[in-house]
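Descriptive structure summary
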Amino acid sequence: MVDVSEPDISVALDDEEKAKEKFKKSEDVAFYKRQIQGQVLQHRALLDSMVLTEKAARFELLEPNTKTKLLLSVSACKHETVRILIDELKPIKPRYRVPDVMTGEPQCEQLRVKSRSEESVTLTWSSGHHRVRVWHFPFRLEILYEGEVMLTYNSRGKLWFETLQEQPDTNKATADDSELEEDDASSLWQETFGEFVDIKANGPSSIGSDLCFHGYSHVYGLPEHADSLQLRDTRDGEPYRLYNLDVFAYDLGSRLGLYGSVPLLIAHKPNRTVGVFWLNASETYVNVHYSPSVHQDDQTVKPRQLLPQTDVHWLSESGVIDCVVLLGPSPQQLFSQYAQLTGYQALPPLFALGYHQSRWNYIDEADVKAVDAGFDKHDIPYDVMWLDIEHTNGKRYFTWDPVHFPEPVALQQHLGEKKRKLVAITDPHIKKDPDWSLYREARDGGFFVKQKDGQIYVGSCWPGESSYLDFSSPATRAWYSRWCSLDKYKGSTPSLFLWNDMNEPSVFGGPEQTMPKDAVHHGGWEHRELHNLYGFHQHMATYDGLITRSDGQERPFVLTRSFFAGSQRFGAVWTGDNVASWGYLKYSIPMLLSLSVTGIAFCGADVGGFYLDPTPELLVRWYQAASLQPFFRGHSATLSKRREPWLFGEKVTAAIRTAIQQRYCLLPYWYTLFYQAHTSGLPPIRPLWVEFQREQSTFAVDSQYMIGGALLACPVTGPGVEEIRIVLPGYGEVWYDINSANVYKGGRTLTLPVTLDTVPVFQRGGSVVCRSTGSGSCSADYQQLPLSITVALNPQGEADGECYLDDGHSFSYRDSKAFCLRRLNMLSGRLLCRSASEEGTFDCDTVVQSVTVLGMKSRPNTVVVRVSGCKDTTAVFTYKESCCTLTVNNLNLRVGTDWEIHID
């Protein structure tokens, strides 16, 4: 390897550090300071006002000092969730409620009164295992399971609700406010940050509340932040901010908001997992405080003992309080509960799980073809070439540069002959060009965001002066979707897919490089109400456009940078403009795990770092790590040096080739995991605590993770590493090194020597993993290859797994049940292949060529293959005593047929 030291990024980022001063901290935010510094309000729940409806229990809340009256609605929803909704009792106008994120109104169960007193009312439902207790004064709401309080809402009395007001007389307000500081009364209706003035049409409208998780000392979620998987206590610094922003070369270890937001927080302890989904799209802050609490046994007088608890304080600029508590009790059940609220991960077309090659920008069609040929020349499979903004005609999206990309259809056909795809970028800003038909249509159709005076909002982005599409409008989304059609998007073909970038939205020179909060959207709503939904709605419109393009036949692929809860329904996300340094590689793992546990399962980070230039060692390690993550794309900035895998010498090329080829061999397993995510909500990559729920030693681990339930990945994320420490969880379990077949007991920390070619991955005893065997140039080639099955026995000699197959691209799996889901089960020396679904009708030709059994303690006498309707056959096998491995080759068993392998 060429000895090239890592670039010194400190100098290169000096300008960026100065630029980051344009982003707010909590001390710059008036509503945050009002709530943190304000008096503790003592709300009363008026228990006599309770009304039980078909869907909820409703109570009036009163704050005696301010005379504020609120309406509390508590619903018990099916699938073990509780919804807490608080609005003004009589608002002067409706407050914003987040649309489109939940896939429908949750089905509710009838509540009934279990007990009541002057101090509280206890409600229950269904079997009665769960209860909700509402206390009169001070108001708080407890959620109990079998009599034990799991969670208390408003335990610290931080319920805050600024009611909407009529705007005061401007002249009088100015006179009254003339002697006030900015952070006092003047900020209620107008707020400044630097040179920007934010006029608040509705005045102060912030909301907030706190929740206490009893017995919990580990909480997760709240992406997107470049921070640890376990959320940190915020008393030592900034709160977690959820406000979608274009933050180039973002700080590591930071709680400031990045490109997307999912307001889902998950608390886990050995015997239970619960979550809170805070459905609000305005600027939001979350404080997390860990502490022990005093516990008194209710039955007998015993010495007090300290139990952990976690207090979480949510603060949002506007909207209503809409809070859904997910009751678990297991992580798997919680993922399912959340998916039933906001939607399941879209099942991607198979090609999307392959390797993607991108750069800002490939120069022209000849450049694209040369890179495509380079992969073939160096025997490296890949599936998708990507084009950034320079492929367009003057940054006009849905167009092609007439000089550099004059024949886009021929280019797509060239790639298509090799069964490869092309992705083109489409940003939400539209060049202000009255001669351009797309701009004219949007202007004349009223599809742009407006200023508060009713004029079209104009900001600046890549094309210069631009207007921004109002994706909050269903009419705008429908119009935009039609631009994805082959007749509107000239030069596109069915093998072209789309990439939504800059959709926070990014506005050069805007407040915090985004849109002013007082801009106006469809329905008269201010941008402040729905800021975090902007990218979500563009993603939705693009997804719908590709669905429409294929007449509902083909699965879309759309990547988005900005996202919100529910974005998983539309495709993939990535972690934005990272940097070519070891720190960004290391932090990519907890970032992707945080996304995964909050529903955004199809996620990845730019391989090698978007900005600056990776060393050869860093590039290899990044490829190795990313090949074990859901979305796998190499991408780099226009000022970065070219970094196609074959530009760093044969040793580097060989290491990258191996990583990518191993990814393709694992595609059957990845595809099965995405089917499970699509149907059950289980993320393909998972923190260790998801699989090992009772082992507290795993709760804070975020340098390694599970791929499904079978594989443990521990990528090397540091320079010059010669050995690595790996947590092997599972007391009483065993793990097999997939490279050496060596077996290790669980419940220990292993020190493993590594070289540049080592990628530590272990298969869990008791699991079955399917791989493609052979080689090809893209996923379509691998789809035709036979499978090899690896059976890793647990100490009881058992193993279990699944394999999912369909056509890889259409919705036939859904509409006509054209899929094949097989269960592979090893028990008492017999490996059985059986159907795992009564619905699947897919007639696939895929065959199993070989079976490898890890942990076979002695050499068998015979291996007999039994196929339904056929004569038993004796198979030839090999056995390695040194690693207790049995291999059976030349099987040619159809996956879709029932068969057994008897090992005696």
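Residues numbered from 1 in each chain as written. Predicted model: local features only at pLDDT ≥ 70, side-chain atom pairs only at ≥ 80, totals over all residues. Heavy atoms only, no water.

All right, on to the overall build of the chain then. A count of helices and strands for the chain gives 18 helices and 52 strands. Rg of the C-alpha trace for the chain: 28 Å, near the compact-globule value of 29 Å for 904 residues, within the 12% margin. Overall size of the chain, expressed as C-alpha extent along the three principal axes, is 90 × 80 × 55 Å. For the chain, the share of sequence-separated contacts (at least 6 apart) that also reach a separation of at least 24 residues comes to 70%. Per element, the accessible surface of the chain, about 33,700 Å² overall, is 49% carbon and sulfur. (Helix = DSSP H or I, 4+ residues; strand = E, 2+ residues; numbered from the N terminus. Rg over C-alpha atoms; globule rule 2.2 N^0.38 Å. Contact = heavy atoms within 4.5 Å. Areas by Shrake-Rupley, 256 points an atom, 1.4 Å probe, with all protein chains shown as cover.)

Another point: the sheet that holds strand β37 (residues 734–737). A sheet is described by the order of its strands in space; here six strands give the open sequence β33-β34-β35-β40-β37-β38, paired in antiparallel fashion. This sheet does not close on itself; its edge strands, each paired only once, are β33 (685–686) and β38 (743–745). In this structure, β33 lies alongside strand β34 (residues 705–707), joined through two bridges in antiparallel fashion. Counterpart to I685 in the pairing with β34 is I707. (Pairing = 2+ DSSP bridges.)

Bringing the pattern of salt bridges into the picture now. Note that side chains of opposite charge can pair when their charged atoms are close. Applying the stated criterion across every chain yields a total of 52 salt bridges. Across the pair E526 and R528 runs a salt bridge, and its minimum N-O distance is 3.0 Å. Residue classification places E526 among the buried residues on the basis of a relative accessible area of 7%. Note that R642 is salt-bridged to E644, the shortest N-O span being 3.2 Å. On the accessibility criterion, E644 (4% relative accessible area) is buried. A single salt-bridge network, built from bridges that share partners, covers D198, R241, E283, E317, E512, K517, E526 and R528. (Salt bridge = Lys/Arg side-chain N within 4 Å of Asp/Glu carboxyl O. Buried < 20%, exposed > 50% of the residue type's maximum accessible area, 1.4 Å probe, protein only.)

Quick look at the environment of W525 now. Mapped onto the elements of the fold, W525 is located in the loop between β28 (496–500) and α10 (527–530). Between the C-alpha atoms of W525 and A201, which are 324 residues apart in sequence, the distance is 10.0 Å. Once residues lying within four places of it in the same chain are set aside, the contact partners of W525 are P94, R95, Y96, A519, V520 and L530.

Looking now at the packing of aromatic side chains. The geometry of an aromatic ring pair is captured by the separation of the ring centres together with the interplanar angle, meaning the angle of the planes. Counting across every chain of the model gives 51 aromatic pairs. Ring plane angle 80 degrees and centroid distance 6.4 Å describe the contact between F248 and F610, whose orientation is recorded as edge-to-face. Linking F248 in the loop between β16 (240–242) and β17 (264–269) with F610 in the loop between β31 (603–604) and α13 (616–626), this pair joins segments that are 362 residues apart in sequence. With a relative accessible area of 21%, F248 lands in the partly exposed category. Ring geometry for Y250 versus Y259: centroids 6.1 Å apart, planes at 75 degrees, classification edge-to-face. (Phe/Tyr/Trp six-rings, centres within 6.5 Å; stacked < 30°, edge-to-face > 60°.)

So, on to the state of the cysteines. Under the criterion given, the structure shown has zero disulfides. Not engaged in a disulfide, the cysteine C665 finds its nearest cysteine sulfur in C770; these two sulfurs lie 13 Å apart. (Disulfide = S-S within 2.5 Å.)

With that settled, the discussion passes to the side chain of D87. With respect to the helices and strands, D87 occurs in strand β4 (residues 81–88). A polar atom in the side chain of D87 sits 3.0 Å from the side chain of R97. (Polar contact = N/O pair within 3.5 Å; in protein donor to acceptor, adjacent residues only side chain to side chain.)

A word on the nonpolar core. One finds V101, F277, L469, L533, F557 and I707 to be the most contacted residues of the largest nonpolar core, which totals 165 residues. Here this core gets nine residues from one element, more than from any other, and that element is helix α12 (residues 582–597). Other than its neighbours up to four places away in sequence, F557 contacts P349, F351, A352, H356, W386, V423, F497, L498, L546, A572, F602 and F631. Core analysis: the next-biggest nonpolar cluster, separate from the first, contains 50 residues, A57, I86, L123 and L222 among them. (Core = buried A, V, L, I, M, F, W, Y, C linked by side-chain atoms within 4.5 Å.)

With that out of the way, let us pick up the pairing of β17. Of all six residues that make up β17, six are buried, and the element is covered over most of its length. Taking every second residue as pointing to the same face, both faces of β17 are buried, with L264, I266 and H268 on one and L265, A267 and K269 on the other. Note: β17 against strand β18 (residues 272–278), six bridges, orientation antiparallel. Bridge pairing links A267 to V274 in β18. Taking the residues that link successive antiparallel strands as the turn, the β17-β18 hairpin has two residues.

Looking at the chain as a whole, the pLDDT averages 94, with 94% of positions reaching at least 70. Ignoring residues within four places in sequence, the model shows residues 1–13, a span with pLDDT below 50, making 23 contacts including any to other chains. Counted against residues more than four places away or in other chains, residues 296–301, with its pLDDT under 50, gives four contacts. (pLDDT = per-residue confidence, 0-100.)

Turning our attention to the packing of helix α6 (residues 365–377) against helix α7 (residues 408–416). Their axes nearest at 11 Å, the elements α6 and α7 cross at an angle of 5 degrees. Considering the angle they form, α6 stands roughly parallel to α7. Residues E365, V368, K369 and D372 of α6 form the contact with α7, whose own contacting residues are P408, L411, H414 and L415. Of the residues belonging to the contact of α6 with α7, the class tally is four nonpolar, one polar and three charged. (Axes fitted to C-alpha atoms, helices over the stretch in contact; angles between N-to-C directions. Parallel < 35°, antiparallel > 145°, perpendicular 65-115°, else oblique. Nonpolar A, V, L, I, M, F, W, Y, C, P; charged D, E, K, R; others polar.)

A word on the environment of W386. Relative to the elements of secondary structure, W386 occurs in strand β23 (residues 384–387). For the pair formed by W386 and L711, sequence separation is 325 residues and the distance between their alpha carbons is 30 Å. Each residue touching W386, except ones within four places of it in the same chain, is listed here: H356, Q357, S358, R359, Y362, V423, W499, F557, L559, F631 and R633. Side chain to side chain, W386 and H356 meet in a polar contact 3.0 Å long.

Attention shifts here to α6. Helix length check: α6, at 13 residues, gives a terminal C-alpha distance of 18 Å against a target of 18 Å (1.5 Å per residue), a fit within 8%. Listing the buried residues of α6 in full gives E365, D367, V368, V371, D372, G374 and F375. Tucked inside the fold, the buried residues of α6 contact β22 (355–357), β23 and α7. The backbone nitrogen of A366 lies 3.2 Å from a side-chain oxygen of the residue at the head of α6, namely D364. Positive backbone phi, at 60 degrees, marks D379, one or two positions downstream of α6. (Expected span 1.5 Å × (residues − 1).)

Here Q704 is to be found in the loop between α16 (688–691) and β34. Distance in space between the C-alpha atoms of Q704 and V403 is 47 Å, their sequence separation being 301 residues. The residues contacting Q704, other than those within four sequence positions of it, are L593, L688, L712, A713, C714, R725, I726 and V727. Within the structure, Q704 has its side chain in polar contact with the backbone oxygen of V727 (distance 2.6 Å).

To continue, consider unusual backbone geometry. At the junction of F137 and P138, the peptide bond is cis and its omega measures out at -15 degrees in the coordinates. Summarising the element assignment, P138 is placed in the loop between β8 (130–135) and β9 (140–145). Cis geometry marks the peptide bond from P223 to E224; its omega dihedral reads 20 degrees. Inspection of the secondary structure puts E224 in the loop between β15 (219–221) and β16.

All right, on to the pairing of strand β2 (residues 57–63) then. The side-chain alternation of β2 yields one buried face, formed by A57, F59, L61 and E63, and one unburied face, formed by R58, E60 and L62. Note that strand β1 (residues 44–52) and β2 share five bridges and pair antiparallel. Bridged to L46 within β2 is E60. The antiparallel pairing of β1 with β2 creates a hairpin that spans four residues between the two strands. Two elements, β2 and strand β3 (residues 68–77), share seven bridges in a ladder whose sense is antiparallel.

So, on to the sheet that holds β28. Strand order in the open sheet formed by eight strands is β31-β30-β29-β28-β24-β23-β22-β32, with parallel pairing between adjacent strands. Each edge of the open sheet is held by one strand with a lone partner, namely β31 and β32 (632–634). Sheet topology places β23 next to strand β24 (residues 421–425); four bridges connect them, and they run parallel. Residue V384 lies in a different strand from β24, and its bridge partner there is K421. The strands that α7 touches are β23, β24 and β28; relative to β24, the one it contacts most, it runs at about 140 degrees.

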